[in-house]
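# Structure at a glance
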Amino acid sequence: MSSTPIRHPGLNLGHAHAEAHEASESLVFGFWVFMMSDLIIFGLLFATYVTMLGGTAGGPGPGELFELKSAFIETSLLLVSSFTFGMASLALKYRTDRKVLVGWLVVTLLLGLAFLGHELYDFHKMFTEGGVPSRSGFLSAFFALVPLHGLHVTAASIWLIALLGQIAVHGLDTQTKTGLMRLAILWHFLDVVWIGIFSLVYLGGTA
Amino acid sequence: MTHWADWMLGRLDWSALPFWDAIVDPTTKNIVNAIIASGAGAMVILGGLIVVGVLTWTRRWRWLWREWLTSPDHKKIGIMFIAIALVMLARAVIEAVFMRLQQAFGLDGGFLTADHFGQLFTTHGTIMVFFMAMPFLTGIINYVMPLQIGARDLSFPVMNSISLGLTAAGAAIVMVSLMLAPFSTGGWSGYPSFTESAANPGAGVDYWIWAVTLSTLSSTLTGINFAVTIYKQRAPGMSWLRLPLFTWTALCTSILMIFGMPPLTVATALLALDRYLDFHFFTADLGGNMMNYINLFWAFGHPEVYILILPAFGIFSEIFSTFSGKKLYGYGALVIATLAIAVLSFTVWLHHFFTMGQSAHINAIFGIATMLIGIPTGVKIYDWMLTMFRGRIRFSVPMIYAIGFIMLFVIGGLTGIILAVPSVDYQIHNSLFLVAHFHNMLIPGLLFGMLGGTNLWFSKAFGFRLEERWGRRAACCWIVGFMLAFFPLYALGVLGMPRRSVAFFEPAYLPWTVAAMVGAVIILVAMLCLLIQLWVSVRDRHANRVPGGDPWDGRSLEWSVSSPPPEYNFPVIPEVHSRDAYMRQKETGGGAHPRPDDYEDIEMPANSAMGPIFAITGFLLAFGLTWYQWWLVVAAGVAALIALIARGYVRDTTRLIPAAEVRRQHEAWLATLASLTPVTRADEQSAANRGLPASPIEGAVQ
């Protein structure tokens, strides 16, 4: 393992997957660069959110709308899904048995979907309490930042389903392996962004 | 029936026709404007019909699809980007002439309606930035950069094709707005609250939002692609400080694209949320804050300025050193200056709105940061001058553009320093002084760079040189026309004439606006010269062929291959031992064109329909969103998603070119080379130039 040079930041597939290891150099590096570009979008939406905290225009504010318990459940679901994706990555690298990998991926997907379901339920509750984006600048900023994260999780889940399909059709070839490597980065990235949302939006809003 | 039509057409109705106002309210002014607007729309339809007709007549649809639209080849994609840029340039220049005409007749009125004039300056700005400048520089980098670093293609060839598709879709949206009007009147920067639905409920701003969004996504993907290519695909031995300067500027531009485009994506997306879903980001009421838009926009807008100018700096560096017959003076300083400009570009955005209510301290800090950019830029100017110093300069067409640039750009830079002083800016902001300043940077800077680069590399792409006589005429007309069109605007700005004015009531402005109009007409002549240059060059292509591939005694690797290069660029990936790799190869043993011992099979990306699919779905998505045709939005969105997922299942993404075929092509080219007579630099503009340079005189400065 140590004899193979590191091709890119993060988990490397190593010499047991020679072809995919080589191919991932540009692909994974390119995906990291894309993530950095995406991070600018989230960074700007965080900044917009902070500048608009005061823009409630007499409508409901963070204290009335946010529930820490619910946000904590969502955080737990997402963090555990990141752990299970980590297990999937390890299975991809070290196991020849495809079942373990697919098993962890399915668990990850279910956790991701549970997160989305819970988030949608939260939004629904906010809506019934008058927390709609058209109410104020503050709520607009909230409903740009948090649902964009949710949209990313949705896209990542669709990608995960597509990759499960690719594994079924083509097996674990170079393309599915490098696809999983990149999806892993996206998944963990979304975790990091969520930690920002949980700290700044929910903890900050209910403190 | 009506209900069904409403569902299909959304809010699209008869009033979208460019001559509708003249029918409903036939005043003289409305009729004149309808004739102009319908004429423009008719030109687009006619142009489209001619293209379709010619393709059908010559039975080239299949050829177009196979050889161009689905091609992942960076060279072909580069050429297609430039083709889009030239078409859009023609439209935007014509619009500029109409604006100059209006202001020449604008004392107490003029002939255009305010609304029409607003659409003209909005489309002019939007096109020039997003659909002329961006595709032009993207095209040139696409073509040249992989050849300069010794790569076979970009890292992600199909993504490159998708980038092209998205830009084409955006350009098509702007073109369609001529036939199904209106376009936005909010300027290329689209400030709310004017662009909010409360003030501007029509389709115009939505056209603008989606055209710009398509272009932004395209540029983000392009930036990632270029940066990864330069990081990962360099030939062995091509270390960072051996990169040609153009590639350095391409890298810095790509990094700026990666980090500078997202703020615009955010700004237009939030504006769209305001307009479509009744959010309140930038509205005047309910806690909105339009200053957020202005900050977001210029967090993109200022890096964008350097995205536009840096590749031109790179091209000028290549031109100065090639046509002075010398290595680039101060390579290290130029690299550091390029990096410094790229970093500083993120620290000055606030100077676009000194007058919008910050404290004096903040303005002072951003004013100083702005002036700092003058330092690395000044370093570059001196480096270029010292590159020419004691060189044997050939006045080729690219060199004329470059010399015009260096003189005019310094003037533009100095007016920039004037504008960077907040107290002065308070006097002349939003006046024509500003318009003169940024055109003074972008025409001599960006546009001369792109046109110079086209003259420099055209023969590489097509195998024959561009004709020089009409090229010179075009370059001179551009320089003279620019000066006449924009120097008067400095005076008008100081006299207090606001930008974007459809009419004025101060007779003292008139001589200046008339002079500027004459300048605009000369620029139109320059465009005509460019067209004639292209036509004459194609007509005389056999006389001007340069199969040797190196007509200007070039210095970097793109000149070491045939013109046009084979699709795999290099039969064998070259090994690089120094800066100016090809010049060194020509000077030292081994020869300019070594015969490799062995050839290998070459794996190239296979054609893919993803580019055209994204062009079509992107266009339909934007069109549906603009006119509230929700069925179209859903259909196009789902189609794009399905295509993207399906692409993941494709496995035959490459094709192999056998070693024997590579050998055959290379041997044939070597045989051609052996039959050519070398030409000295002094004769390179004559018909004797077949692309094989003679060695310079012993002991000459290199």
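Residues numbered from 1 in each chain as written. Chains lettered and ligands numbered in written order. Predicted model: local features only at pLDDT ≥ 70, side-chain atom pairs only at ≥ 80, totals over all residues. Heavy atoms only, no water.

Further remarks concern the overall build of chain A. Along chain A, the regular secondary structure elements total 6 helices and 0 strands. Mapped in sequence order, the helices and strands of chain A form the string α-α-α-α-α-α. Overall, chain A is about 60 × 30 × 25 Å in size when its C-alpha atoms are taken along their principal axes. Evaluated residue by residue, chain A yields a buried proportion of 54% over its 207 residues. Look at the contacts in chain A between residues 6 or more apart in sequence, and 77% of them connect residues 24 or more apart. Of the roughly 8700 Å² that chain A leaves accessible, carbon and sulfur atoms contribute 70%. Taken together, the 10 basic and 13 acidic charged side chains of chain A have centroids lying 8 Å from each other. (Helix = DSSP H or I, 4+ residues; strand = E, 2+ residues; numbered from the N terminus. Buried < 20%, exposed > 50% of the residue type's maximum accessible area, 1.4 Å probe, protein only. Contact = heavy atoms within 4.5 Å. Areas by Shrake-Rupley, 256 points an atom, 1.4 Å probe, with all protein chains shown as cover. Lys, Arg positive; Asp, Glu negative; His and termini not counted. Charge placed at Lys NZ, Arg CZ, Asp CG, Glu CD.)

Let us look at the interface of chain B and chain A. Where the parts come together, the accessible area they lose is often given as the size of the interface. Between chain B and chain A, the contact holds 32 residues from the first and 37 residues from the second. Carbon and sulfur atoms supply 71% of the area buried between chain B and chain A, which totals about 2800 Å² over both sides. The largest contributions to the chain B side of the interface with chain A come from K232, Y649 and R651 of chain B, which together make up 24% of the buried area. Where chain B touches chain A, the interface holds 2 salt bridges. Linking chain B with chain A are 15 residue pairs in polar contact (both at pLDDT 80 or more). Those elements that provide at least two residues to the side of chain B that touches chain A are α8 (204-232), α9 (245-277), α10 (290-324) and α20 (630-649) of chain B. The element contributing the most residues to the side of chain B that touches chain A is α9 of chain B, with 8 residues. Classifying every residue of the side of chain B that touches chain A gives 18 nonpolar, 11 polar and 3 charged. (Buried area = accessible area lost by both parts, 1.4 Å probe. Salt bridge = Lys/Arg side-chain N within 4 Å of Asp/Glu carboxyl O. Polar contact = N/O pair within 3.5 Å; in protein donor to acceptor, adjacent residues only side chain to side chain. Nonpolar A, V, L, I, M, F, W, Y, C, P; charged D, E, K, R; others polar.)

Here the UniProt feature "transmembrane region" (unreviewed entry) sits at residues 27-51, 71-92, 99-118, 138-164 and 185-205 of chain A. Secondary structure content for residues 185-205 of chain A is 100% helix and 0% strand, while the C-alpha to C-alpha distance between its ends is 29 Å. (UniProt positions renumbered as here; feature names shortened; annotations may be inferred.)

Applying the stated criterion to the full structure yields 57 aromatic pairs over all chains. Here the aromatic rings of F127 of chain A and F143 of chain A are separated by 5.5 Å at their centres, their planes lie at 90 degrees, and the arrangement is edge-to-face. Residue F127 of chain A is found in helix α4 (residues 98-128), and its partner F143 of chain A is found in helix α5 (residues 137-170); the two are separated by 16 residues along the sequence. Relative to F300 of chain B, the ring of F297 of chain B lies with its centre 5.6 Å away and its plane at 75 degrees, an arrangement referred to as edge-to-face. Taken together, the residues F297 of chain B and F300 of chain B, both in helix α10 and 3 residues apart, mark about one turn of the helix. An aromatic cluster of at least three residues, connected via ring pairs, comprises Y49, F66, F115, F123, F127, F138, F142, F143, W194 and Y202 of chain A. A cation over an aromatic ring shows up here: R60 of chain B above the ring of W63 of chain B, its NZ or CZ 4.6 Å from the ring centre. The cationic tip of K232 of chain B hangs over the ring face of F29 of chain A; the distance from NZ or CZ to the ring centre is 4.8 Å. (Phe/Tyr/Trp six-rings, centres within 6.5 Å; stacked < 30°, edge-to-face > 60°. Lys NZ or Arg CZ within 6 Å of the ring centre and 35° of its normal.)

With respect to the helices and strands, M8 of chain B occurs in helix α1 (residues 2-9). For M8 of chain B, a relative accessible area of 25% gives the class partly exposed.

Here we come to the side chain of T249 of chain B. All names here are of chain B. Mapped onto the secondary structure, T249 falls in helix α9. Among the residues examined, T249 registers a relative accessible area of 0% and is labelled buried. Residues contacting T249, with those up to four places away along its chain left out, are L310, P311, F313, G314 and T338.

What follows is about α8 of chain B. The end-to-end C-alpha distance of α8 of chain B is 42 Å, a good match for the 42 Å that 29 residues give at a rise of 1.5 Å each. Within α8 of chain B, 25 of the 29 residues are buried, leaving the element largely enclosed by the surrounding structure. (Expected span 1.5 Å × (residues − 1).)

Here we take up the nonpolar core. For soluble globular proteins, the rule of thumb is that nonpolar side chains tend to be buried together. By size, the foremost hydrophobic cluster in this structure holds 244 residues, and its most contacted members are F142 and Y202 of chain A together with W478 of chain B. Counting residues per element, this core draws most heavily on α10 of chain B, which supplies 18 residues. Every residue in contact with Y202 of chain A, bar those within four places of it in the chain, is listed here: F66, L68, A71, F142, V146, W194 and I197 of chain A. Listed in part, the 7 residues of the second largest apolar core include Y568, Y599, A659 and V662 of chain B. (Core = buried A, V, L, I, M, F, W, Y, C linked by side-chain atoms within 4.5 Å.)

As a further point, take the pattern of salt bridges. All names here are of chain A. Counted under the stated rule, the structure contains 22 salt bridges over all chains. Among the salt bridges present, the one from E22 reaches R7, with a minimum N-O distance of 2.9 Å. Within this pair, whereas E22 is found in helix α1 (residues 18-51), its partner R7 is found in the segment before α1, the two being separated by 15 residues in sequence. Taking the relative accessible area as the measure of exposure, E22 reaches 43% and is therefore partly exposed. When the shortest N-O distance is used, the salt bridge between R7 and E25 registers 3.3 Å. Of this pair, R7 sits in the segment before α1 while E25 sits in helix α1, and the two are 18 residues apart along the sequence.

This brings us to unusual backbone geometry. Cis peptide bonds are those with omega within 30 degrees of zero, and the linkage from A181 of chain B to P182 of chain B qualifies with 0 degrees. Of note, the amide linkage connecting P192 of chain B to S193 of chain B takes the cis form, showing an omega dihedral of 5 degrees. Mapping S193 of chain B onto the fold places it in the loop between α7 (157-179) and α8. With a phi angle near 50 degrees, A57 of chain A is a residue other than glycine that sits in the positive phi range. With respect to the helices, strands and loops of the structure, A57 of chain A is situated in the loop between α1 and α2 (62-65). For A57 of chain A, a relative accessible area of 34% translates into the label partly exposed. A positive phi is found at D580 of chain B, a non-glycine position, where the angle reads about 50 degrees. Residue position: D580 of chain B is located in the loop between α17 (510-539) and α18 (581-587). Using a relative accessible area of 25% as the deciding quantity, one classes D580 of chain B as partly exposed.

Residue and element names in this part refer to chain B. Positionally, T113 belongs in the loop between α5 (74-104) and α6 (114-149). There is a polar contact of 3.1 Å between the side chain of T113 and the backbone nitrogen of H116. Those residues in contact with T113 that lie beyond four places of it in its chain are K29, N30, N33 and V502.

With that settled, consider helix α21 (residues 659-675) of chain B. All names here are of chain B. Over its 17 residues, α21 runs 25 Å from end to end, which matches the ideal 24 Å to within 8%, given 1.5 Å per residue. Of all the residues in α21, the buried ones are A659, V662, H666, W669, L670 and L673. Considered in projection along α21, the buried side chains sweep an arc of 100 degrees and stay on one side of the axis. Opposite the buried face of α21, at more than 90 degrees from it, the exposed residues are A660 and S675. (Arc of directions from axis to C-beta.)

Residue and element names in this part refer to chain B. Where nonpolar side chains cluster on the molecular surface, the patch consists of Y329, Y382, M385, L386 and F389 and spans about 520 Å² of accessible area. As for its position among the elements, M385 is in helix α12 (residues 360-388). When its relative accessible area of 37% is taken as the criterion, M385 is described as partly exposed. (Patch = residues over 30% accessible without salt bridge, like charges linked within 9 Å, V, L, I, M, F, W, Y side chains within 5 Å.)

A word on a negative patch on the surface. Together, D597, D598, E600 and D601 of chain B make up a negatively charged patch on the protein surface. Looking at the secondary structure, you find E600 of chain B in the loop between α18 and β1 (602-605).

On to the packing of helix α3 (residues 68-94) of chain A against α4 of chain A, then. Helix packing geometry: the angle between the two helix axes and the distance between the axes. Residues and elements named next belong to chain A. Remark: α3 packs on α4, axes separated minimally by 8 Å, with the N-to-C direction vectors making an angle of 165 degrees. Considering their axes alone, α3 and α4 lie roughly antiparallel with respect to each other. When you trace α3 past α4, the crossing you get is left-handed. (Axes fitted to C-alpha atoms, helices over the stretch in contact; angles between N-to-C directions. Parallel < 35°, antiparallel > 145°, perpendicular 65-115°, else oblique. Left-handed = near helix turned anticlockwise from the far one by under 90°.)

Once that is clear, we can look at the confidence of the model for chain B. Mean pLDDT over chain B works out to 95, with 99% of the residues at or above the 70 mark. Per the prediction output, this complex has pTM 0.97; the corresponding ipTM is 0.96. (pLDDT = per-residue confidence, 0-100.)

Residues and elements named next belong to chain A. Running from amino to carboxyl end, α5 crosses helix α6 (residues 174-206) at an angle of 160 degrees, the nearest separation of the two axes being 10 Å. The orientation of α5 with respect to α6, classified from their angle, is roughly antiparallel. Relative to α6, the crossing made by α5 is left-handed. Taken together, the residues that form the contact of α5 with α6 break down as 19 nonpolar, 6 polar and 1 charged.

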